[in-house]
Amino acid sequence: MQGAQGDLLRLVATGKAESRADLARLSGLAASSVSLRVEELLDAGLLAEEGSGTSRGGRRPRLLRLSETAGVLAVADLGAHHVRLGLLDLSGAPLVIEERPCEIADGPRATLDRIADAFDALLAEHVPAPVPLRGIGTGIPGPVDPLTLRVVTPSRMPGWNDFPVAEHLATRYDLPILVENDANLMAAGETRCWPDRRNLMVVKAGTGIGCGVVVNGRLHRGRGAAGDISHVRVRSDSSVICACGHPDCLEAYASGAALMAALSEAGIPVTRTGDIVGLVNDAIPEATSLVRNAGRRIGEVLTVLVNFFNPDVVAVGGSLSAAEPLITSIRAAVWERCLPLATRDLEVAPARAGRDAALLGAGALLLEAALT
Ligand SMILES: [Zn+2]
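Keep in mind the model is a prediction, meaning the values are calculated, not measured.

Bringing the sheet that holds strand S11 (residues 313-317) into the picture now. Strands pair in a sheet through their backbones, by hydrogen bonds, and they do so in one of two ways: parallel or antiparallel. Spatially, S10-S9-S8-S11-S12 is the arrangement adopted by the 5 strands of the open sheet, whose pairing is mixed. Each edge of the sheet is formed by a strand with only one pairing partner; in this case those strands are strand S10 (218-220) and strand S12 (347-350). Ignoring strand direction, the axes of neighbouring strands in this sheet form an average angle of 25 degrees. Two elements, S11 and S12, share 4 bridges in a ladder whose sense is parallel. In the sheet register, Val 313 faces S12, and the bridge partner there is Glu 347. Packing of helix H10 (residues 285-309) onto the sheet brings it into contact with strand S8 (200-205), strand S9 (209-215) and S11, and relative to S8 it is tilted by some 165 degrees. The strands touched by helix H11 (residues 324-337) are S8, S11 and S12; relative to S12, the strand with the most contacts, the crossing angle is about 170 degrees.

Here it is, written out as structure tokens:
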């Protein structure tokens, strides 16, 4: 019910609908239901109504548009060494987005306060006073319990385990607060770029490895860890202990962090996952070989999942995905081992939503939460 309100608002905000009749046609809801919900959105100050639309011979329909004072959403996507953050209008369109250095290893309080300070500064600079902030959302590069909005056993995030992220942010904002795993946010943003595809797996290959699952157009969270492929065991001749304590997790071989460690061992120091992409582009054989290997291992894990889930799209994003051999190797592994029926019409492709995918996904999910 509330989701439907969000859908209606989004249809208007994105310019697809400008009247109740458009909304009824596009949403499939009965005209009476549309009218009821439009009245609620008008009362809430989210929609405005004005003038007259194109006449189709009968009474001229009144035009609906997003209210100029409907509000903004503040969203962030936290990485290991930086945070990308910005303000979106309620249609999900970015008003301002920027990237700031931010060390996640400084711990949750310092990191979250830095994000909140940045939000406040952006709001003061870009949003006139009468326009309300409607919600706060942040992506976390680790597992998040959807019931408690706490971080659960994250890798490379010292001090964050079991930290109540939403509670801490709520001390500064009395608003809907979204805390979500970053790959899930990326999946929610990416799915908007594949409007005619309903089932997606969105892999985030960055410092860690994550995956978000979209089922029938909606993010599938499960109990919170749905799509988490980082600790799936892979076949290996050697044995590497993962940060989680188990041997031979995918993450211990194919994450950006693992590749950086391997390159450093080979005497090629790198400090950021993006550096690996640079080395591949410069045709440094060690880097290319490591990335190809990582792609093959990710592909082997995805093979099982593609056979099981039969997605329409496997989209690969994250900083490591800019290294071309990664996707080529994933694709090769999937096509070699998957059932022909599972790969018929399957697309394994670079993510389309770009570097702001997680922020756009946060906006879409937050709008639903803000309307609930
Ligand atoms: Zn592990």
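What follows covers the coordination of the zinc ion. Looking at the zinc ion, the protein donor atoms are His 231 (ND1), Cys 242 (SG), Cys 244 (SG) and Cys 249 (SG), and they sit 2.0 to 2.3 Å from it. Given a relative accessible area of 5%, Cys 242 falls into the buried group.

With that settled, the discussion passes to the sheet that holds strand S4 (residues 82-89). The 5 strands are arranged S5-S4-S3-S6-S7 in an open sheet whose pairing can be described as mixed. Edge strands, defined here as strands with exactly one partner in the open sheet, are strand S5 (94-101) and strand S7 (177-181). On average, each strand axis in the sheet is tilted by 15 degrees relative to the strand beside it, whichever way the strands run. Pairing analysis gives 5 bridges linking strand S6 (residues 133-140) to S7, with the strands arranged parallel. Note on S7: the bridge partner recorded for Ile 136 is Ile 177.

It is worth spelling out the side chain of Asp 182 at this point. On the secondary structure map, Asp 182 appears in helix H6 (residues 182-190). Residue classification places Asp 182 among the buried residues on the basis of a relative accessible area of 9%. Polar side-chain contacts of Asp 182 include one of 2.9 Å to the side chain of Lys 204. Every residue in contact with Asp 182, bar those within four places of it in the chain, is listed here: Asp 77, Gly 139, Ile 140, Pro 141, Lys 204 and Ala 358.

Thresholds applied
- For every chain, the first residue of the written sequence is number 1, and numbering continues from 1 along that sequence.
- Totals for whole chains, interfaces and linings use all residues, but because this is a predicted model, local features are given only for residues with pLDDT of at least 70 and pairs of side-chain atoms are given and counted only at 80 or more.
- Remark: hydrogens and water are excluded; side-chain values derive from all non-hydrogen atoms of the structure.
- Two strands qualify as a pair provided DSSP detects at least 2 bridges between them.
- By definition, any uninterrupted DSSP run of H or I lasting at least four residues is a helix, any uninterrupted run of E lasting at least two residues is a strand, and each is numbered from the N terminus.
- The axes are straight lines fitted to the C-alpha atoms, using for helices just the contacting stretch, and the angles between their N-to-C directions are given from 0 to 180°.
- When checking whether two residues touch, look at their non-hydrogen atoms; a contact exists if any pair is within 4.5 Å.
- Metal donors: N, O and S atoms at distances within 2.8 Å, or within 3.2 Å for Na, K and Ca, with water omitted from the atom set so that some sites may seem incomplete.
- Whether a residue is buried, partly exposed or exposed follows from its accessible area with a 1.4 Å probe, protein chains only, as a fraction of its type maximum: under 20%, in between, or over 50%, in that order.
- Counting of polar contacts relies on pairs of N or O atoms within 3.5 Å, with two restrictions inside protein: one atom must be capable of donating a hydrogen and the other of accepting it, and residues adjacent in sequence are counted only when both atoms are side-chain atoms.

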